[in-house]
Amino acid sequence: MTRRKWVALFKRNALRLTLAGTALVALMGVGIFQWLLADLPAVTALELRAARPTTQILDRNGKLLYEMLDADAGKQLDLTLSRVPRACVQATIATEDSRFFYHPGVDPLAITRAIWQNLRSGGVSSGASTLTQQLARNLLMGETERYQTSYRRKLREAYLAWQLERHYDKDQLLALYLNQTYYGNFAFGLEAAAQIFFAKPATHLSAAECALLAGLVQYPTGYNPLLDPEAAKGRQLTVLRLMKEAGYLDVTSMEEIAREPLQYHSRLFDIEAPHFVMYVQDLLVQQVGAARLREGGLRVYTTLDLDLQRQAEAAVTRRLAQLTCQGVTACDDPAAHSRRVDNAAAVVLDSATGDILSLIGSPDYFSATISGNVNAALVKRQPGSAIKPFTYAAALDPRWSSRTGQPPLTAASILPDLPTTFQVENVDGRWAPYRPQNYDRQYHGPVSVRTALANSYNIPAVATLDRIGVETLRQLAGQAGIETFTGRYGLALTLGGGDVRLLDLTAAYGIFDDGRTLTPRAILGIEGLGDWRLGDWRLGIGEAAPAQSPVSNLSFPQSPPPQSSGQQIIAPQTAYLITDILADNGARAPAFGINSVLNLPFPAAAKTGTTTDWRDNWTVGYSTQRLVGVWVGNADNAPMAGVSGVDGAGPIWHDLMRLAHPRTPRAFAQPEGLVAVEICAPSGMLPAPDCPRTRRELFIEGAQPTHPDDQFRRVVLDLATGLPATAATPENRRGAKVFWMLPPIYHDWMAAQGIAIAPPAVAMQMAASPARTTDGNFQRTANVYLKETTAPLMLTQPNSFAAYQLHPGLPARSQRLRIAGLSADGSSWATLRLMVDGEVLATMQDAARISSWWEMQLGAHRFWIEGEAVAGAATVRSGEALIQVDEFQSN
């Protein structure tokens, strides 16, 4: 073949290859376009304002609670950028897209950073979305694609953002973003957010309010200030820091804005049960997403009983007014007007399903003076003594007690309610003394677990927690549904030292039904979500289904209805013991009286709680049908004046329990495995002839006492000497007397109560032939919490960490302290010495107790007792008590 033919053939083939290659590239381009971009909407779709159907929030019987109007219809107030406060613009840009004015819709620097982070994580962990990309994703992409984490979605999003930047200028895009972004609580757009959170137009927002709202966009449900003000405040501080880093604020301005108080308030709008509706809205966002919620067309059937809700709201308002003698309840009580209490929250749950039948977050959602739109039912507060039942549940339950290496307590176990100093670990890891006080500032001596819990005595509760350990209480409470004990706590946790939410605490009391957890439920079902079907809609106990059930064709996203029983946390027998104690009106009579508000005409258990600073008081209780929890306090966390749980929350709880039970509920059912035994009430042992008082008590089978009481001992005395009679004592000088043979640590309490203490000779005679007790140890019978390492010598006075002042107008001999100590087992020691700052204050030989007076001197001082059990033995010393004496300071 000639050269010319070869050239011609090559040219023809080259042309064909070029055409084929071009066609292949074109086909690939078309394919890539079809795969990547073909189905994307035109960016002008942003301008379409078609009306959408509303979403309705309904109660369990189909009654309307709230109708969510179309976010894009006439009820939304769009703002031009010129009407948006500069601080809101700056906060939004600093938080969401600090280079907004410098990129064409996508940010190369952010993309580079995201690629590096994704390569390091092995997945798509960082998206680098600009503000424009967020608009493209939220307003132009479909619901399914919007939440995909893929490179294809990011490329499509970037393309749409670039197109948006070509069709709109930066100010238009920023205004569109501020008018369309979701801020939580049904607020689409800055104007709606300003109205819902602060009851003001957006043009009047302060810099602090702008920073808070800008921070909500990233996580509207998690940073919702009406549910978690602390989280919202923390997020606001992050936004202010970002504004400083972006150059919008200097340090002084940032700190000044951060100190500005935030007052939450909402404008009036047509809504029933507003706190509950906003709670449901947050759940909807979590379950179906803000975008789907925005599209409307949903009918959300909730668990709320609107009729009960309205009655509960009226009861809360009426009882608060009575507490402060306001309105129609005006009275002449001078103390009422200084009580300083203006807020309350309440929850009513179905004890079988966990359905929230009523939820009140404040007496007036629209009141600015009490920050009424803050949902106090979901805000973390200290529960006071309302947490004690969980401490005792752990101590009574065989499985939980075995974890601590301790035998379980019983309802009859005796705990010492005496001045007691515990050693606790501070937050810095150091050990320090802790000396709790009872609410009534009194000591009640040896008390049973039943008496201690029913009357809410603090010292026995702390002793019980010291026995089982703080971590045990934290774990049990966490498994019951209280997940807010995340800090570092000491023994005060059982007195309410950790924060809880009212809804969580009320639901956690559900374990005292049968030992199983109860999960609160707010949504029965959702109509309009497609193929999700509600498999089990539960009516409240005692309620009849409507003739045509409004929930016959519902969807239930992601969280199915609760099962009939949850996780087993404590034994059913333990649960019943706690319930029996909390329902025992006679047991709590010493502290609350027979006719307190806790007493109802049907079986019900209840526990109150009051914080030591009077900032919070609670009453939580239940029947076999309902659980009711009530909190009373102030939204600004100001202390109340003399309002306890039984005075403040108790009356509201009483009313709600009666409203929630139109018919008498069944009695609590006693499970198998419990036995009732007649016991000697003061000692918790079997009755003996000299026991002064008996009662019946319930025990987990196998834990009941098996030995007769040996604390009450009959002694024949020589009436002339007061000593035990001997064989030589004439009959006419003999007389029998019964002594309560308690350990020496009780003797001061016994003396204060006028209870005769056995003379030393009698005590020695009893010690020579002690009767055998339940656990073979006399002292442990009356002090079951005491550990084997109890010190042999105890300093009983003064109280450690007490502070005193010397008055210049009083003589020194009139300003003295009693210093006292004793041997723990009551035995005589060869020598006892009271020590002050290393110097001997007093000495006694052959004694079991020692006391003396010390003239106070300025400064810090240390006291202890020491001595030798027998002559020549090693010196033993007690723990120290530390006090401070200062000069008199007039107020």
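The structure displayed is predicted, hence computed values, not measured ones. As a convention, each chain's residues are numbered from 1 in the sequence order in which they are written. Note on the predicted model: pLDDT of at least 70 is required for a residue's local features to be given, and 80 or more for side-chain atom pairs to be given and counted; whole-chain, interface and lining totals, by contrast, use all residues. Side-chain measures were taken over the full set of non-hydrogen atoms in the model, leaving aside hydrogen atoms and water.

## Here we look at the overall build of the protein chain
Only DSSP runs of H or I with at least four residues qualify as helices, and only runs of E with at least two residues qualify as strands; both kinds are numbered from the N terminus onward. Each helix and strand counted, the protein chain has 27 helices and 30 strands in total. Summary of the burial criterion: residues with accessible area below 20% of their type's maximum are buried, those above 50% are exposed, and those between are partly exposed, where the area comes from a 1.4 Å probe applied to protein chains only. Burial status across the protein chain gives 52% buried among its 891 residues. Two residues form a contact once any of their heavy atoms are found within 4.5 Å. Considering only contacts in the protein chain between residues 6 or more positions apart, those separated by 24 or more positions represent 69%.

## Brief notes about the packing of aromatic side chains
Two aromatic rings, taken as a pair, are described by how far apart their centres are and by the angle between their planes. Only centres within 6.5 Å qualify two rings of Phe, Tyr or Trp (six-membered ring in Trp) as a pair; their planes then separate them into stacked at under 30 degrees, edge-to-face at over 60, and tilted for everything else. For the structure shown, the criterion picks out 15 aromatic pairs. Between Phe485 and Tyr489 the ring centres are 5.8 Å apart and the planes differ by 65°, which places this aromatic pair in the edge-to-face class. The class for Phe485 is buried, based on a relative accessible area of 4%. Judged by centre distance (6.2 Å) and plane angle (80°), the ring pair of Trp740 and Trp749 falls under edge-to-face. Each of the two residues, Trp740 as well as Trp749, counts as buried.

## Some remarks on the nonpolar core
Counting residues in hydrophobic clusters, the biggest one holds 155 residues, and the most contacted among them are Leu213, Phe390, Leu505 and Tyr509. For Leu213, the contacting residues outside a window of four places in its chain are Tyr183, Leu190, Ala193, Ala194, Phe197, Phe198 and Leu205. Side-chain atoms within 4.5 Å link the members of a nonpolar core, which is a set of buried Ala, Val, Leu, Ile, Met, Phe, Trp, Tyr and Cys residues. Ala346, Val632, Val643 and Ile652 belong to the second-largest nonpolar core, a separate cluster that totals 29 residues.

## So, unusual backbone geometry
A cis geometry characterises the amide bond from Gln797 onward to Pro798, with omega recorded as 10°. For Pro798, the position within the fold is in the loop between β22 (793-797) and β23 (802-806). Phi at Ala273 takes a positive value of approximately 45°, unusual for a residue other than glycine. As for its position among the elements, Ala273 is in the loop between α11 (251-259) and α12 (274-288).

## Some details on the environment of Met835
With respect to the secondary-structure elements, Met835 resides in strand β25 (residues 829-836). Here Met835 falls in the buried class, since its relative accessible area comes to 5%. If near-sequence neighbours (up to four positions away) are discounted, Met835 is found in contact with Val840, Arg862, Phe863, Trp864 and Glu866.

## A word on the packing of helix α15 (residues 388-396) against helix α18 (residues 458-468)
The packing of two helices is summarised by the inter-axis angle and the distance between the axes. One can describe the packing of α15 onto α18 by two numbers: an axis separation of 9 Å at closest approach and a directional angle of 45°. Looking at the two axes, α15 sits oblique to α18. When the axes of α15 and α18 are compared, the crossing they make is left-handed. Across from Lys388, Thr391, Tyr392, Ala394 and Ala395 in α15, the residues of α18 making contact are Asn458, Pro460, Ala461, Thr464, Leu465 and Ile468. Its residues placed into classes, the contact of α15 with α18 shows seven nonpolar, three polar and one charged. Axes here refer to lines fitted to C-alpha atoms; in helices the fit is confined to the stretch in contact. Angles between the N-to-C directions go from 0 to 180 degrees. Small angles under 35 degrees read as roughly parallel and large ones over 145 as roughly antiparallel, with 65 to 115 read as roughly perpendicular and the rest as oblique. Left-handed describes a crossing whose near helix is turned anticlockwise from the far helix by less than a right angle; the clockwise case is right-handed. Classes in brief: Ala, Val, Leu, Ile, Met, Phe, Trp, Tyr, Cys and Pro nonpolar; Asp, Glu, Lys and Arg charged; the others, Gly included, polar.

## Quick notes on the packing of helix α9 (residues 207-216) against helix α10 (residues 229-245)
Closest axis-to-axis distance for the α9/α10 pair is 8 Å, and the angle between their directions is 105°. By the angle class used here, α9 and α10 are roughly perpendicular. Here α9 contributes Ala208, Ala211, Leu212, Ala214 and Gly215 to the contact with α10, which in turn contributes Ala232, Arg235, Gln236, Val239 and Leu240. Residues of the contact of α9 with α10, tallied by class, amount to seven nonpolar, two polar and one charged.

## Comments concerning the sheet that holds strand β2 (residues 64-68)
In spatial order, the strands read β2-β1-β5-β14; together these four strands make up an open sheet with mixed pairing. Looking at the sheet topology across the chains shown, the edges are occupied by β2 and β14 (523-527). Taken pair by pair, the neighbouring strands of this sheet meet at an average axis angle of 15°, ignoring direction. Bridge analysis of strand β5 (residues 299-302) against β14 gives four bridges, and the strand direction is antiparallel. Paired with Thr302 across the two strands is Ile523, which belongs to β14. Here α12 sits on the sheet in contact with β1 (55-58), β2, β5 and β14, set at roughly 60° to β14. A pair of strands is considered paired only if DSSP assigns at least 2 bridges between the two.

## Focus on the confidence of the model for the protein chain
As a per-residue measure, pLDDT tells how confident the predictor is, with possible values from 0 to 100. Chain-level pLDDT for the protein chain is 82 on average; 80% of the residues reach the 70-or-more range. For residues 29-36, every residue scores under 50 in pLDDT, and the model assigns this stretch seven contacts once sequence neighbours within four places are set aside. Below a pLDDT of 50 lies the segment residues 71-76, which in the model reaches 11 contacts outside its immediate sequence neighbourhood of four places, other chains included.

## Notes on the pattern of salt bridges
Salt bridge criterion: a side-chain nitrogen from Lys or Arg within 4 Å of a carboxyl oxygen from Asp or Glu. Applying the stated criterion across every chain yields a total of 30 salt bridges. Between Lys63 and Asp307 there is a salt bridge, and its shortest N-O distance comes to 2.9 Å. Highlighted residues: Lys63 in the loop between β1 and β2 and Asp307 in helix α14 (residues 306-324), separated in sequence by 244 residues. Residue classification places Lys63 among the partly exposed residues on the basis of a relative accessible area of 33%. Asp307 sits in the partly exposed class, given a relative accessible area of 39%. Arg521 is the partner of Asp355 in a salt bridge, and the nearest nitrogen-oxygen pair spans 2.7 Å. With Asp355 in the loop between β6 (343-350) and β7 (356-360) and Arg521 in the loop between α21 (511-514) and β14, the pair connects residues that are 166 residues apart, well separated along the chain. Taken as a pair, Asp355 and Arg521 share a single burial class, namely buried. Salt bridges sharing partners connect three or more residues here, namely Arg450, Asp580, Asp584, Arg695 and Glu697.

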